[in-house]
There are 2 protein chains.
Amino acid sequence: MTERTELRRIPDRSVTDRDAIHAVLDEGLLAHVGLIAGGPAGGDAAHPVVIPMLYARDGERLYLHGSPASRLLRTAKKGAEVCVTVTLLDALVLARSGLHHSMNYRSVVVMGTAVEVTDADEKVAALDRIVDHTIPGRVAAVRPARESEVRATTVLVLPLDECSMKVRTGPPIDDDEDMDEDAWAGLIPIGVAVGEPVPDDDTGDDPVPDHVADWARGPGRANGRAV
Amino acid sequence: MTERTELRRIPDRSVTDRDAIHAVLDEGLLAHVGLIAGGPAGGDAAHPVVIPMLYARDGERLYLHGSPASRLLRTAKKGAEVCVTVTLLDALVLARSGLHHSMNYRSVVVMGTAVEVTDADEKVAALDRIVDHTIPGRVAAVRPARESEVRATTVLVLPLDECSMKVRTGPPIDDDEDMDEDAWAGLIPIGVAVGEPVPDDDTGDDPVPDHVADWARGPGRANGRAV
């Protein structure tokens with residue numbers, strides 16, 4: 001963690017535990033990736049752009065994936081700095097006054113310079129990692145990627161050197177003078193709801209494999225059970 | 001929509017329908033807000049920062065809310081450009097090859113210059129809107145905000161002039177030569193799982209009010225029912 005990712009506002013919501021940061025990155029499905037577009041090199045003024053992307057963590061590295069035609073990946077390939085944010089929403093926090101309403105969440109921010117993965121073996125391993133991050137066990141269930149497919153895909157890697165985490169947990173925090181207000185206060189827990197798998201037409205009556213059925217049992221997920 | 005928010009990569013995933021854009025912004029709970037920090041005015045090099053924030057839409061305006069001490073809001077107050085992205089995840093898309101895996105999602109990107117709301121009445125209305133956006137009916141159930149609270153809060157407004165939407169729906173799209181692969185393919189639907197409300201200690205045995213119980217019936221939510 002460097003100075004600029006230290007949390008200035010609410011220090012007690014900051015978490016520096018490496019395992020906790022890894023756990024959020026591993027539980028998340030989408031990252032919101034920001035970069036600076038335009039500017040001196042581009043045709044218009046510099047402006048921030050934030051897009052949702054698939055990703056996976058491998059040790060202290062974060063891999064990002066997309067088509068080489070993607071503007072974000074093209075810009076980042078040139079060495080632009082990125083900010084990758086993964087947020088897990090755990091509950092709505094209902095206080096006795098409007099301004100003390102909040103959310104319980106876990107959020108990790110990773111900043112740094114993403115570079116393109118050019119080594120073919122690392123690229124295949126990173127792509128497999130992204131598929132298995134989203135659906136554990138999936139890589140073993142599908143054919144290996146073809147060389148031509150791997151060539152046509154861009155993978156970026158970002159070290160987890162500069163990262164920080166914010167967490168809010170627990171009940172609402174109201175002003176003392178509001179504790180007698182006649183307003184219900186508490187939490188609405190939130191998780192990821194998982195529906196019944198929908199087979200593709202050509203999959204027909206093939207039974208749903210374990211790795212697909214098991215997905216609903218991942219962290220933070222609820223499938224007809226309490227969040 | 002201006003040139004720089006036009007979608008370059010997959011035009012058929014672009015949606016320009018105003019109502020569809022509004023619907024995503026209204027269904028979302030968190031926005032990921034990006035801005036450029038540092039640079040000539042700051043002490044370090046310009047870099048993107050992305051943080052999760054509460055927000056609400058009012059017509060063609062987007063309100064963002066936080067403590068005035070928040071670095072993001074302080075920077076944006078000076079007139080920095082922001083990029084606000086709201087993403088709703090609808091399904092995992094399991095294809096017959098790793099690289100054709102995808103997600104069904106709806107994502108809206110709003111770019112522009114956010115300015116501080118200084119008019120007291122607009123500020124109160126915006127804060128109410130943010131609370132009721134998150135939990136419809138909540139504003140009527142809690143005491144009105146105090147003047148001192150409103151003064152201590154920063155609200156930013158961003159016009160919806162420059163916004164775009166990307167959508168992926170439907171089954172996996174595989175290469176023709178993969179259609180005979182022995183791999184289950186299809187969708188895992190995803191929504192927001194809602195747990196039983198957890199009353200705060202001082203709320204005691206007060207019954208859960210309708211606006212709290214009803215929250216689980218909002219768009220994209222599943223509470224013991226199919227996604």
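Residues numbered from 1 in each chain as written. Chains lettered and ligands numbered in written order. Predicted model: local features only at pLDDT ≥ 70, side-chain atom pairs only at ≥ 80, totals over all residues. Heavy atoms only, no water.

> Explanation requested: the sheet that holds strand 9 (residues 154-159) of chain B in the structure shown.
Strand pairing in a sheet relies on backbone hydrogen bonds, with the paired strands running either antiparallel or parallel. All names here are of chain B. Ordered by their spatial adjacency, 4 strands build an open sheet running 4-5-9-8, and the pairing between neighbours is antiparallel. Each edge of the open sheet carries a strand with a single partner, namely strand 4 (55-58) and strand 8 (115-116). As paired elements, strand 5 (residues 61-66) and strand 9 share 6 bridges and run antiparallel to each other. For Leu 62, the partnering residue across the bridge sits in strand 9 and is Leu 158. In this fold helix 1 (residues 18-27) packs onto strand 4 and strand 5, with an angle of close to 145° to the strand it touches most, strand 4. (Pairing = 2+ DSSP bridges. Helix = DSSP H or I, 4+ residues; strand = E, 2+ residues; numbered from the N terminus. Contact = heavy atoms within 4.5 Å. Axes fitted to C-alpha atoms, helices over the stretch in contact; angles between N-to-C directions.)

> Would you explain the interface of chain A and chain B in this entry?
Contacts between the two partners involve 90 residues from chain A and, on the opposite side, 90 residues from chain B. Taken together, the two surfaces of chain A and chain B that pack against each other cover about 7400 Å², and 67% of this comes from carbon and sulfur. In terms of surface lost to chain B, no three residues of chain A exceed Pro 48, Leu 99 and Trp 184 of chain A, which account for 11% of the buried area on that side. Linking chain A to chain B there are 12 salt bridges. Counting every contact that joins chain A to chain B gives 25 residue pairs in polar contact (both at pLDDT 80 or more). A total of 9 residues in the side of chain A that touches chain B trace back to one element, the largest contributor, which is strand 11 (residues 186-194) of chain A. For the side of chain A that touches chain B, the residue count by class is 52 nonpolar, 18 polar and 20 charged. Relative to strand 11 (residues 186-194) of chain B, strand 12 (residues 198-199) of chain A is paired through 2 bridges, and the arrangement is antiparallel. Looking at the pairing, Pro 199 of chain A lines up with Gly 186 of chain B of strand 11 of chain B. (Buried area = accessible area lost by both parts, 1.4 Å probe. Salt bridge = Lys/Arg side-chain N within 4 Å of Asp/Glu carboxyl O. Polar contact = N/O pair within 3.5 Å; in protein donor to acceptor, adjacent residues only side chain to side chain. Nonpolar A, V, L, I, M, F, W, Y, C, P; charged D, E, K, R; others polar.)

> Where do I start with the domain arrangement of chain A in this structure?
By convention, interface size is frequently given as the accessible area that disappears when the constituent parts associate. Residue and element names in this part refer to chain A. Split into domains, chain A comes out as domain 1 (3-172) and domain 2 (191-227). The partner domain 2 presents 6 residues to the 8 residues of domain 1 that form the contact. When the two sides are added together, the surface that domain 1 and domain 2 hide from each other amounts to roughly 590 Å², 60% of it contributed by carbon and sulfur. Applying the counting rule to domain 1 against domain 2 returns 0 salt bridges. Counting the contacts that link domain 1 with domain 2 gives 2 residue pairs in polar contact (both at pLDDT 80 or more). (Domains from an automatic or database assignment.)

> Quick question: what am I supposed to make of the pattern of salt bridges here?
On inspection of all chains with the given rule, the structure shows 35 salt bridges over all chains. The residue Glu 27 of chain A makes a salt bridge to Arg 106 of chain A at a minimum N-O spacing of 3.2 Å. Of this pair, Glu 27 of chain A sits in helix 1 (residues 18-27) while Arg 106 of chain A sits in strand 7 (residues 102-113), placing them 79 residues apart in sequence. Overlapping salt bridges, with partners in common, bring together Arg 143, Arg 146 and Glu 149 of chain A together with Asp 175, Glu 177 and Asp 178 of chain B in one network.

> Just to check I follow, could you spell out the relation of the copies chain A and chain B for this structure?
Mapping one chain copy onto the other needs a rotation about an axis and a shift along that axis. In screw terms, the move from chain A to chain B is a rotation of 180° and a rise of 0.0 Å along the axis, fitting with an RMSD of 0.0 Å. Here the copies are linked by what is in effect a two-fold axis. A high fraction, 100%, of the interface residues of chain A reappear at the interface in chain B, so the copies pair face to face through one surface. (Least-squares fit on C-alpha atoms with pLDDT ≥ 70 in both.)

> Just to check I follow, could you spell out the confidence of the model for chain A for this structure?
Parts of the prediction with low pLDDT should not have their coordinates interpreted in detail. All names here are of chain A. Confidence along chain A averages 87 in pLDDT terms, with 87% of residues attaining 70 or more. Strand 4 (residues 55-58) holds the highest mean pLDDT among the elements of chain A, 97, whereas strand 1 (residues 14-15) holds the lowest, 62. Contacts for the low-pLDDT stretch residues 5-12, under 50 throughout, to residues beyond four places or in other chains number 14 contacts. Here the predicted complex scores 0.91 on pTM and 0.90 on ipTM. (pLDDT = per-residue confidence, 0-100.)

> How do you make sense of the side chain of His 133 of chain A when you look at a structure like this?
Here His 133 of chain A is to be found in helix 3 (residues 120-134). Apart from the residues lying within four places of it in its own chain, the contact partners of His 133 of chain A are Leu 25, Asp 26, Gly 28, Leu 29, Tyr 55 and Ala 56 of chain A.

> Got a minute to help me understand empty space enclosed by the protein in this structure?
To find the voids left in a structure, one rolls a probe of water-molecule size over its atoms. Inspection of every chain in the model, using the stated rule, returns 1 cavity of 30 Å³ or more. Of the pockets and cavities examined, the largest cavity occupies roughly 140 Å³. Along the walls of the largest cavity sit 13 residues, with Gly 98 and His 101 of chain A together with Leu 54, Ile 130 and Val 131 of chain B positioned nearest its centre. Of all the elements in the fold, those that place two or more residues in the lining of the largest cavity are strand 7 of chain A together with helix 3 (120-134) of chain B. The leading source of residues in the lining of the largest cavity is helix 3 of chain B, at 4 residues. Per-class residue counts for the lining of the largest cavity are 8 nonpolar, 5 polar and no charged. (1 Å grid on protein atoms, 1.4 Å probe; cavity = no way out; pocket = protein on both sides within 12 Å on 5 of 7 lines; lining within 4 Å. Points joined across faces, edges and corners; volume = space filled by probe spheres on them.)

> For this particular structure, what's the right way to read the environment of Ala 183 of chain B?
Considering the arrangement of structural elements, one finds Ala 183 of chain B in the loop between strand 10 (162-168) and strand 11. On the basis of relative accessible area, Ala 183 of chain B is assigned to the buried category, the value being 8%. Linking Ala 183 of chain B and Ser 97 of chain B, residues 86 residues apart in sequence, is a C-alpha distance of 8.5 Å. Setting aside residues up to four positions removed in sequence, Ala 183 of chain B forms contacts with Ala 141, Val 142 and Thr 203 of chain A together with Arg 96 of chain B. (Buried < 20%, exposed > 50% of the residue type's maximum accessible area, 1.4 Å probe, protein only.)

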